Amino acid sequence: MNKKKSDSELNTFQQKNLMFNESEKLAGVGSWIWDVENNSWTFSDNWYTIHGLNKKSISTNELLEIAHPGDLSTIQNALKNTEENQVPYEIEHRIIKQDTKEIRLIKAYGKVSETKNGKASIITGAALDITEHKNAKQLIEEKEELFSSIYYNSPTGIFRSTPNGTVISANPAFLAI
């Protein structure tokens, strides 16, 4: 009876672990835990993938080397503020992906999960690769700016209307007609 229960618990654990790993991959998120007292880090498999690392253990110094030099102080300040003041953080920063040397944009979150004697002992967080999202957003903004320029500067009258014919917008050339 105990063996069946043990197998069932293991199967449930494996399923939850699989679900966690696949969810992280699908969402483009990697998670981490920082044991502040021992200055040791634990990262999810997808965190390593996002950052282009094969190692399963890295030091704080190696971690900070991944940061883009222009964003290093932002990351250090966020971690320090969270550690010292127990304030959650949410920042955007660049990294240098270690396997390709590509610069990627990360949205990072962190918070104190455990304290000992009023001090942070465990900080947990997540890193979301937002590079593609930011690139798409920038492209949309550029296209909107181009459309707006064409719309307002066209010598031809242009307007938008509702299906029943109510004009909802018109460019200067249309208004001059």
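As the structure is a computational prediction, the values presented were derived from the model and not from experiment.

Cut-off values and rules
- Residues numbered from 1 in each chain as written.
- Predicted model: local features only at pLDDT ≥ 70, side-chain atom pairs only at ≥ 80, totals over all residues.
- Heavy atoms only, no water.
- pLDDT = per-residue confidence, 0-100.
- Helix = DSSP H or I, 4+ residues; strand = E, 2+ residues; numbered from the N terminus.
- Expected span 1.5 Å × (residues − 1).
- Buried < 20%, exposed > 50% of the residue type's maximum accessible area, 1.4 Å probe, protein only.
- Arc of directions from axis to C-beta.
- Contact = heavy atoms within 4.5 Å.
- Pairing = 2+ DSSP bridges.
- Axes fitted to C-alpha atoms, helices over the stretch in contact; angles between N-to-C directions.

Colleague: Can you walk me through the confidence of the model for the protein in this structure?
Modeller: Interpreting fine coordinate detail is not advised for predicted regions of low pLDDT. With 94% of its residues at a pLDDT of at least 70, the protein reaches an overall mean of 90. Confidence scores differ between elements of the protein, with helix H1 (residues 2–27) showing the lowest mean pLDDT of 78 and strand E3 (residues 89–96) the highest of 96.

Colleague: Would you mind showing me how to read helix H4 (residues 72–85) here?
Modeller: Note on helix geometry: an α-helix contains 3.6 residues per turn, so any two residues three or four positions apart are oriented the same way. Look at H4: 20 Å from first C-alpha to last across 14 residues, which is about the 20 Å you get at 1.5 Å a residue. Those residues of H4 lying buried are Ile 75, Ala 78, Leu 79 and Thr 82. Each buried residue of H4 sits inside an arc of 90° when the element is viewed along its axis, so together they form one side. When the buried face of H4 is taken as reference, the exposed residues oriented beyond 90 degrees from it are Asn 77 and Glu 84. As for H4, its buried residues are in contact with strand E1 (29–35), strand E2 (40–43), helix H3 (60–66), E3, strand E4 (103–116) and strand E5 (119–129). Just past H4, the residue Gln 86 takes up positive phi, approximately 55°.

Colleague: How do you make sense of the sheet that holds E1 when you look at a structure like this?
Modeller: Strands in a sheet are paired, the pairing made by backbone hydrogen bonds, and the direction either parallel or antiparallel. Across the sheet, five strands lie side by side as E2-E1-E5-E4-E3; this open sheet has antiparallel pairing. Every interior strand has two partners, whereas the edge strands, E2 and E3, have only one. Along the sheet, successive strands turn relative to each other by an average axial angle of 25°, direction set aside. Strand direction decides the pairing type here: E3 and E4, joined by eight bridges, are antiparallel. Bridge pairing links Arg 94 to Leu 105 in E4. On the sheet, H4 packs against E1, E2, E3, E4 and E5 and is oriented at approximately 145° with respect to E3.

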